[in-house]
Amino acid sequence: MKIYYLGPKGTFSYLASQKYVEQLKLQNIDFVPKANLYEVIKCASQDDDTIGLVPIENSIEGTINIVADSLAKQDVYAHGELLLDIDFALYGQSGSQIEDIKKVYSIAPAISQTSNYIMNHHFDYDYVDSTVKGFEMISKHVGAIAPVNSGEDYGFQQLDTHIQDFPHNATRFLIIKNHAQFDVNANTTMFLITPKFDKPGLLASILNTFALFNINLSWIESRPLKTKLGQYHFFVQAEAQLSNDIEKVITILNTLDFETKLIGAFRK
């Protein structure tokens, strides 16, 4: 089986894929790095014997929009989730000191999540496509911000660790596949809910319908429909099985002029 992830080796997506394999004790896995999240999702949607591992939400940055939008547009479905603690380090050349660094490189979320550290050290900064790509930019006065313990394999030295702005930083990853044959023991369901018409109280109608059956929502996110300014659809993750109550929720939402699509079901 193939696992597509945002590469190269050493990224948080790579670490998450390793954790996923260890937890499930999977064997004969072919890890396939891709250059961006769009490619991960596209490959997972086209390959039956594969999964994609993609970040959907960070405790600091919030929802990863490209992944949420792909769940709406691509033929992929969520079959699991995984939480990964996010711990950043500053890397430089061997023998360098923090005082030698004038500029750092990393991906945009990493720069954002270490912004206080960058500002306090008066670093300039710029962006690359992945945290590991930042290692290619390292020189005498240039460092990279990347996952803790990811740079040693590339020959670079940790100059400082635990540099994220908030200590309780975690990212939630989704396990995506190209089919909707879900685990019969799933206790978490994920929906894309799209209003047919724009009218007052759309979000309240959704929330009230789930509340009517005492179903807790662990994630709700609105994203633009990309058709007209001010029109949205909603991603909803419910702590509920694929049961009669969920079927009743869908029926009621359809009656209230919503289109409701099941885009994920898994056991937490």
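The name that an unreviewed UniProt entry assigns to the chain is Prephenate dehydratase, with the source organism given as Staphylococcus pasteuri_A. Checking UniProt for the chain, the heading Catalytic activity (unreviewed entry) contains the comment "prephenate + H(+) = 3-phenylpyruvate + CO2 + H2O". Under the heading Pathway (unreviewed entry), UniProt records this for the chain: "Amino-acid biosynthesis; L-phenylalanine biosynthesis; phenylpyruvate from prephenate: step 1/1."

Asker: Before we go on, may I ask you to explain the layout of surface pockets in this structure?
Answerer: Taking a probe equal in size to a water molecule and rolling it over the atoms shows the remaining empty space. Estimated volume of the largest pocket: approximately 400 Å³. If you trace the largest pocket, you find 22 residues lining it, with Leu6, Phe12, Pro55, Ile107 and Pro109 closest to the centre. Of all the elements in the fold, those that place two or more residues in the lining of the largest pocket are helix 1 (12-24), strand 3 (50-58), helix 4 (108-113) and strand 11 (170-177). Broken down by element, the lining of the largest pocket gets its largest block of residues, four residues, from helix 4.

Asker: Where do I start with the sheet that holds strand 8 (residues 124-127) in this structure?
Answerer: Pairing between the strands of a sheet comes from backbone hydrogen bonds, and it takes one of two forms, parallel or antiparallel. Ordered in space as 8-7-9-6-10, the five strands form an open sheet in which the pairing is mixed. Two strands bound the open sheet, and with one partner strand each, they are strand 8 and strand 10 (157-161). On average, each strand axis in the sheet is inclined to that of its neighbour by 30°, with strand direction left out of account. In terms of strand pairing, strand 6 (residues 88-92) meets strand 10 through four bridges, oriented antiparallel. Across the sheet, the residue bridging to tyrosine 91 is glutamine 158, located in strand 10.

Asker: It is not clear to me how the UniProt feature "domain: Prephenate dehydratase" (unreviewed entry) in the chain should be interpreted in this structure. Could you clarify?
Answerer: Those residues carrying the UniProt feature "domain: Prephenate dehydratase" (unreviewed entry) are residues 2-178 in this numbering. The span residues 2-178 shows a helical share of 25% and a strand share of 35%, and its end C-alpha atoms are spaced 13 Å apart.

Asker: I tried to follow the packing of aromatic side chains on my own but got confused; where do I start?
Answerer: Geometry of an aromatic ring pair is reported as the spacing of the ring centres plus the angle between the planes. Per the stated rule, a full pass over the model turns up ten aromatic pairs. For the ring pair phenylalanine 12 and phenylalanine 88, a centre distance of 5.2 Å and an interplane angle of 90° mean the geometry is edge-to-face. Of this pair, phenylalanine 12 sits in helix 1 while phenylalanine 88 is found in strand 6, placing the two residues 76 residues apart along the sequence. Exposure remark for phenylalanine 12: the relative accessible area of 12% places this residue in the buried category. Residue phenylalanine 88 is classed as buried on the basis of its relative accessible area, which comes to 2%. In this structure, arginine 172 packs its charged tip against the face of tryptophan 219, placed 5.2 Å from the ring centre.

About the cut-offs
- Residues numbered from 1 in each chain as written.
- Predicted model: local features only at pLDDT ≥ 70, side-chain atom pairs only at ≥ 80, totals over all residues.
- Heavy atoms only, no water.
- UniProt positions renumbered as here; feature names shortened; annotations may be inferred.
- 1 Å grid on protein atoms, 1.4 Å probe; cavity = no way out; pocket = protein on both sides within 12 Å on 5 of 7 lines; lining within 4 Å.
- Points joined across faces, edges and corners; volume = space filled by probe spheres on them.
- Helix = DSSP H or I, 4+ residues; strand = E, 2+ residues; numbered from the N terminus.
- Pairing = 2+ DSSP bridges.
- Axes fitted to C-alpha atoms, helices over the stretch in contact; angles between N-to-C directions.
- Phe/Tyr/Trp six-rings, centres within 6.5 Å; stacked < 30°, edge-to-face > 60°.
- Buried < 20%, exposed > 50% of the residue type's maximum accessible area, 1.4 Å probe, protein only.
- Lys NZ or Arg CZ within 6 Å of the ring centre and 35° of its normal.

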